[in-house]
Protein chains: 2
Amino acid sequence: MSTIFPKGQHCGNENFIGNAYINYLTKNDDVYDAKFYDVYFEAGARNNWHIHNGNGQILLCTQGMGFYQEWGQPARRLVKGDVVEIMPGVKHWHGAASDSDFTHIGINTQISKGSYTWLEPVSDEEYKIATKN
Amino acid sequence: MSTIFPKGQHCGNENFIGNAYINYLTKNDDVYDAKFYDVYFEAGARNNWHIHNGNGQILLCTQGMGFYQEWGQPARRLVKGDVVEIMPGVKHWHGAASDSDFTHIGINTQISKGSYTWLEPVSDEEYKIATKN
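Since this is a predicted model, take the numbers as computed values, not measurements. (Residues numbered from 1 in each chain as written. Chains lettered and ligands numbered in written order. Predicted model: local features only at pLDDT ≥ 70, side-chain atom pairs only at ≥ 80, totals over all residues. Heavy atoms only, no water.)

**Section: the nonpolar core**
Phe36 and Leu60 of chain A together with Phe36 and Leu60 of chain B are the most contacted members of the largest nonpolar core, which totals 22 residues. Contributing elements (two or more residues each) for this core: strand 4 (34-41), strand 7 (57-70) and strand 11 (102-109) of chain A together with strand 4 (34-41), strand 7 (57-70) and strand 11 (102-109) of chain B. Not counting residues up to four positions away in its chain, the partners in contact with Phe36 of chain A are Asn23, Tyr24, Leu25, Thr26, Asp29, Gly106 and Ile107 of chain A together with Ile58, Ile107 and Thr109 of chain B. (Core = buried A, V, L, I, M, F, W, Y, C linked by side-chain atoms within 4.5 Å. Buried < 20%, exposed > 50% of the residue type's maximum accessible area, 1.4 Å probe, protein only. Helix = DSSP H or I, 4+ residues; strand = E, 2+ residues; numbered from the N terminus. Contact = heavy atoms within 4.5 Å.)

**Digging into the relation of the copies chain A and chain B**
The operation relating the pair of chain copies consists of a rotation about an axis and a translation along that axis. After a rotation of 180 degrees and a shift along the axis of 0.0 Å, chain A superposes on chain B with an RMSD of 0.0 Å. Both copies of the chain, as the preceding transformation shows, are related through a two-fold rotation axis. Taken together, the interface assignments show that 97% of the residues at the interface of chain A recur at the interface of chain B, consistent with an identical surface on both copies. (Least-squares fit on C-alpha atoms with pLDDT ≥ 70 in both.)

**A few points about the interface of chain A and chain B**
Taken together, the contacts link 30 residues of chain A with 29 residues of chain B. For the pair chain A and chain B, the summed buried surface comes to about 2300 Å²; carbon and sulfur atoms form 69% of the total. When the buried surface of chain A facing chain B is broken down by residue, Ile4, Tyr32 and Glu85 of chain A rank first, second and third, together holding 25% of it. Counting every contact that joins chain A to chain B gives 0 salt bridges. Counting across the chain A and chain B interface gives 8 residue pairs in polar contact (both at pLDDT 80 or more). (Buried area = accessible area lost by both parts, 1.4 Å probe. Salt bridge = Lys/Arg side-chain N within 4 Å of Asp/Glu carboxyl O. Polar contact = N/O pair within 3.5 Å; in protein donor to acceptor, adjacent residues only side chain to side chain.)

**A short note on the pattern of salt bridges**
All names here are of chain A. In this structure the tally under the stated criterion is 6 salt bridges over all chains. A salt bridge links Glu120 to Lys91, with the shortest nitrogen-to-oxygen separation between them at 3.0 Å. Of the two residues, Glu120 is situated in the loop between strand 12 (116-118) and helix 2 (124-130) and Lys91 in the loop between strand 9 (83-86) and strand 10 (92-96); the sequence distance between them amounts to 29 residues. Note on Glu120: relative accessible area 32%, which makes it partly exposed.

**Examining the pairing of strand 9 of chain A**
All names here are of chain A. The alternating pattern of strand 9 places Val83 and Glu85 on one face and Val84 and Ile86 on the opposite face, and all of these are buried. Taken together, the 4 bridges between strand 7 and strand 9 define a ladder with antiparallel strand orientation. What sits directly across from Ile58, in strand 9, is Glu85. (Pairing = 2+ DSSP bridges.)

**Thoughts on the side chain of Thr26 of chain A**
Structurally, the position occupied by Thr26 of chain A is in the loop between strand 3 (20-24) and helix 1 (29-32). Side chain to side chain, Thr26 of chain A and Asp29 of chain A meet in a polar contact 2.6 Å long.

**Brief notes about the pairing of strand 10 of chain A**
All names here are of chain A. Of all 5 residues making up strand 10, 5 are buried, and the element is well covered by its neighbours. Two strands pair when backbone bridges link them, and strand 7 and strand 10 are joined in this way by 5 bridges, in the antiparallel orientation. Following the sheet pairing, Tyr68 is matched in strand 10 by His94.

**Things to note about the packing of aromatic side chains**
Going through the model one piece at a time under the given rule, you end up with 18 aromatic pairs over all chains. Geometrically, the ring pair formed by Tyr21 of chain B and Tyr40 of chain B is edge-to-face, given 6.4 Å between the ring centres and 75 degrees between the ring planes. Taken together, the residues span a long stretch of sequence, with Tyr21 of chain B in strand 3 (residues 20-24) and Tyr40 of chain B in strand 4 at a distance of 19 residues. You'll find Tyr21 of chain B and Tyr40 of chain B in the same group, each marked buried. One aromatic cluster is present, formed by Phe16, Phe41, Phe102, Tyr116 and Trp118 of chain A through successive ring pairs. The ring of Tyr21 of chain B is capped by Lys7 of chain B, whose NZ or CZ atom sits 4.5 Å from the centre of that ring. (Phe/Tyr/Trp six-rings, centres within 6.5 Å; stacked < 30°, edge-to-face > 60°. Lys NZ or Arg CZ within 6 Å of the ring centre and 35° of its normal.)

**Remarks on the confidence of the model for chain A**
For chain A, per-residue confidence averages 96 on the pLDDT scale, and 100% of positions sit at 70 or higher. As a predicted assembly, this complex carries a pTM of 0.97 together with an ipTM value of 0.96. (pLDDT = per-residue confidence, 0-100.)

**Quick word on the side chain of Asp33 of chain B**
With respect to the element layout, Asp33 of chain B can be found in the loop between helix 1 (29-32) and strand 4. Lys113 of chain A is the oppositely charged side chain nearest to the buried, salt-bridge-free Asp33 of chain B, at an N-O distance of 7.8 Å. Contact partners of Asp33 of chain B, with chain neighbours within four places excluded, come to Gln110 of chain A together with Asn108, Thr109, Gln110, Ile111 and Ser112 of chain B. (Lys, Arg positive; Asp, Glu negative; His and termini not counted.)

**Overview of the state of the cysteines**
Per the counting criterion, the structure on display carries 0 disulfides over all chains. Cys11 of chain A takes part in no disulfide bond, and the closest cysteine sulfur, belonging to Cys61 of chain A, lies 16 Å away. (Disulfide = S-S within 2.5 Å.)

**Quick word on the environment of Pro6 of chain A**
With respect to the helices and strands, the residue Pro6 of chain A is situated in the segment before strand 1 (9-10). Pro6 of chain A gets classed as exposed once you look at its relative accessible area, which sits at 54%.

Structure representation (structure tokens):
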């Protein structure tokens, strides 16, 4: 998939399942008190359940098809042009559909107010149920 | 030009020359203390010189060709994947090339620290010189 931003570094598999890549876009995050990055998820890749503590996260979906799910809620299917607003303290995950790569820009605001807490992986069964519609 | 985000409202011509459209992407800007928007500049369109007071602005270029210029500096040509980091207090303008539409996502961080000051338009002659290379 031809991307807007170059593919960044592999995210590793401590907090991700499958292959995801992150490209940090800005240098002066301390001036903005925010972080800006682009994430490329290969089909089936997703991050673990996690929580942003104190600060919000915004996802701007740019290519392919993905999913976003909040704990206890049905997953939301994401395509180009979709915007996800994640409130501080909300347990969630995001990633690609099983049959499509997916990219989103991510912005974490007010990073001085907190970082994140990584939780359990989204198991294959959990992912299959969440993304079946 | 097919866009990632729908074209928003016309920016008017008080602070812009030509046709530009802004689409505000998020609802909970008070939670993030930040604003997220997409701007579509038709070829030749640009905003007036302006300054962000106290807060930074980030441009994430998504389509077409545009320019960014800081006061007293040569203009920088922008294409898909370019990132512009604008420090608080820096007088600048941005807009499309004369022969290409241009879109960028814009993010204003720490909006509680200040808004912007709109200044004089980028005249046709100034624009022509700035964008000749």
